[in-house]
Amino acid sequence: MQNKPYRFLFLSTPVGALGSGVGGGVELTLQNAAKALIARGHTVEIVAPEGSQTSVTKLTQIAGNPQISAQTQVGADVVLLPQDSVLENMWSYARASQSQFDLIFNFAYDWLPLYLTPFLQIPIAHWISMSSLSPVIDEMISKTVELCPHAIAVNTRACADTFSAGDRLMIMGKGIDVSQYQFVAQPDTPKLAWVGRISPEKGLEDAASAAQSTGLPLHIFGLIQDQVYWQQIQKDFPKAELHYEGFLSTDALQRKLGQCTALLMTPRWVEAFGNAAIEAFACGVPVISYRSGGLTEIVRDRQTGFLVDMGDVDGLILAISQLDKINRLACRQQLEAEYSLEVWGDRLEKWFNNLIENQLIPPE
Ligand code: UDP
């Protein structure tokens, strides 16, 4: 079946500007989804907070105060909106311009967009990029899929299973632009990488501990979201060779990441997916990760990396000593087979086609 070209309106995360890193993996996910759909002949407009940047397609910037990140609201049974909320302003724009689009694709992990699903004239698809964090969002996810089946997607089965409506969520995986990442068959010198927001739920201290014990340098890439936490890690592991590289563009990141022997992923929460893992694979870098959340569906133990129990630093160290057993080409091949933009774009297009052609918005 040939789909007609659709017009998509993408609403970015309201926690920060697109390109700032505050939004974490969802920033790359949104831009890759746009690329995948544009490659298939569709058009995409991105709406994002003021200060955003993207080279992918038309961008409309919206002023207003950012939302508080959901990961700082664990267990919350209230919803907070600041005065002059950018989330509110983005949805006002969506309402006013909806007649120019076939579908809205929402990337906010927030109550309001879910609640608004049945109020607009066109279908809304939601990308829920984190696991369950608070009862107030969970309940709205359940109500939304009850009213609008197929409206909500997550990355992985593990992420879906954290929600009470988990069996009704679409499992969509993820894709990246393989051509942006260069495969490195053999790095020049042994070194470890850690990629992510520097924030307690991401567990950098365990990677620092493993670096200290093995004596290998650890190159750290990402936005420092919690300065106190970062300072504490440097105090706690004085003998670890920690190199903070900053928050880099995808191109600069992949150049440095490719030169690493392994990526350590040591999250202390249920990681819904873990973009950094597939970006590492694209460069031929094996991933040593905790056996938790979406990462268990990405990393193939002893083939494209190692899975160890959460908090098991000795397990990380053992895995590091066995890295020569991993074929770096197998990492790149897994990425190409499962996480290319073509594979993902096909899945997204089928999802949206179903929502649009069947007008899966609730009856009057
Ligand atoms: N990232 C980046 N530059 C850096 C470090 C990280 O662009 O220097 C991006 C990386 O590409 C990934 C995201 O930050 O897309 C981190 O996403 P992940 O899903 O691993 O974790 P999250 O922050 O969403 O919890």
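Here, every reference points to the structure presented above.
Overview of the structure. Please read all numbers here as calculations on a predicted model, not as lab measurements.

Criteria and thresholds
Residues numbered from 1 in each chain as written. Predicted model: local features only at pLDDT ≥ 70, side-chain atom pairs only at ≥ 80, totals over all residues. Heavy atoms only, no water. Helix = DSSP H or I, 4+ residues; strand = E, 2+ residues; numbered from the N terminus. Expected span 1.5 Å × (residues − 1). Buried < 20%, exposed > 50% of the residue type's maximum accessible area, 1.4 Å probe, protein only. Near = heavy atom within 4 Å. Polar contact = N/O pair within 3.5 Å; in protein donor to acceptor, adjacent residues only side chain to side chain. Areas by Shrake-Rupley, 256 points an atom, 1.4 Å probe, with all protein chains shown as cover. Nonpolar A, V, L, I, M, F, W, Y, C, P; charged D, E, K, R; others polar. Disulfide = S-S within 2.5 Å. Pairing = 2+ DSSP bridges. Contact = heavy atoms within 4.5 Å. Axes fitted to C-alpha atoms, helices over the stretch in contact; angles between N-to-C directions. Parallel < 35°, antiparallel > 145°, perpendicular 65-115°, else oblique. Salt bridge = Lys/Arg side-chain N within 4 Å of Asp/Glu carboxyl O.

Relative to the 20 Å expected for 14 residues at 1.5 Å per residue, helix H1 (residues 25-38) spans 20 Å between its end C-alpha atoms, a close match to the ideal helical length. For H1, every residue scored as buried is listed here: Val 26, Glu 27, Leu 28, Thr 29, Leu 30, Gln 31, Asn 32, Ala 33, Ala 34, Ala 36 and Leu 37.

The next subject is the site of the ligand. The full set close to the ligand counts 18 residues, and Gly 25, Arg 197, Lys 202, Leu 248 and Glu 279 are the nearest of them. At a separation of 2.7 Å, an oxygen atom of the ligand approaches a polar backbone atom of Gly 25. A distance of 2.6 Å is found between an oxygen atom of the ligand and a side-chain nitrogen or oxygen belonging to Lys 202. Protein contact buries 91% of the 540 Å² of open area that the ligand shows by itself. Secondary-structure elements contributing two or more residues to the shell around the ligand are H1 and helix H9 (275-282). Counting residues per element, the shell around the ligand draws most heavily on H9, which supplies 3 residues. Among the residues forming the shell around the ligand, the class breakdown is 8 nonpolar, 6 polar and 4 charged.

So, about the state of the cysteines. All chains considered together, the criterion is met by 0 disulfides. No disulfide involves Cys 260; its sulfur sits 9.1 Å from the nearest other cysteine sulfur, which is in Cys 283. You can see Cys 331 has no disulfide; the closest cysteine sulfur is in Cys 283, sitting 10 Å from it.

Right, let's get into the sheet that holds strand S6 (residues 152-154). In a beta sheet, neighbouring strands pair by backbone hydrogen bonds and run either parallel or antiparallel. Strand order in this open sheet of 7 strands is S3-S2-S1-S4-S5-S6-S7, and the pairing throughout is parallel. In this open sheet, the two strands that pair with only one neighbour each are strand S3 (58-62) and strand S7 (170-171). Across 3 bridges, the pairing between strand S4 (residues 103-106) and strand S5 (residues 124-127) is parallel. When the bridges of S5 are listed, Asn 106 appears paired with His 126. Sitting on the sheet, H1 is in contact with strand S1 (7-11), strand S2 (43-49), S4 and S5, with an inclination near 175 degrees to S1.

Before going further, it helps to spend a moment on the sheet that holds strand S13 (residues 305-308). The strand order S10-S9-S8-S11-S12-S13 describes an open sheet built from 6 strands, whose pairing is parallel. The sheet is open, and its two edges are formed by strand S10 (242-246) and S13, each paired on a single side. Shown here is a sheet whose adjacent strand axes are inclined to one another by a mean of 25 degrees, direction ignored. Across the face of the sheet, helix H8 (residues 250-257) comes into contact with strand S8 (192-195), strand S9 (218-221), S10 and strand S11 (262-265) while running at roughly 155 degrees to S8. Packed on one face of the sheet, helix H11 (residues 313-321) meets S8, S11, strand S12 (287-290) and S13 and runs near 165 degrees to S12.

So, about unusual backbone geometry. Glycine aside, negative phi is the norm for most residues, and most peptide bonds take the trans geometry. The backbone of His 150 shows a phi angle near 75 degrees, a positive value even though the residue is not glycine. Relative to the helices and strands, His 150 is located in the loop between helix H4 (135-147) and S6.

Moving on, we come to the packing of H1 against helix H13 (residues 341-357). Taken N-terminus to C-terminus, the directions of H1 and H13 make an angle of 80 degrees; their axes are 9 Å apart at the nearest point. Considering their axes alone, H1 and H13 lie roughly perpendicular with respect to each other. Contact residues: H1 offers Thr 29, Asn 32, Ala 33, Lys 35, Ala 36 and Leu 37, while H13 offers Leu 341, Trp 344, Gly 345, Leu 348, Glu 349 and Phe 352. Here the contact of H1 with H13 is built from residues that sort into 7 nonpolar, 3 polar and 2 charged.

Applying the stated criterion across every chain, the model contains 17 salt bridges. Measuring nitrogen to oxygen at the nearest pair gives 3.1 Å for the salt bridge that ties Lys 35 to Asp 177. Of this pair, Lys 35 sits in helix H1 while Asp 177 sits in the loop between S7 and S8, and the two are 142 residues apart along the sequence. On the basis of relative accessible area, Asp 177 is assigned to the buried category, the value being 17%. Overlapping salt bridges, with partners in common, bring together Arg 40, Asp 346, Glu 349 and Lys 350 in one network.

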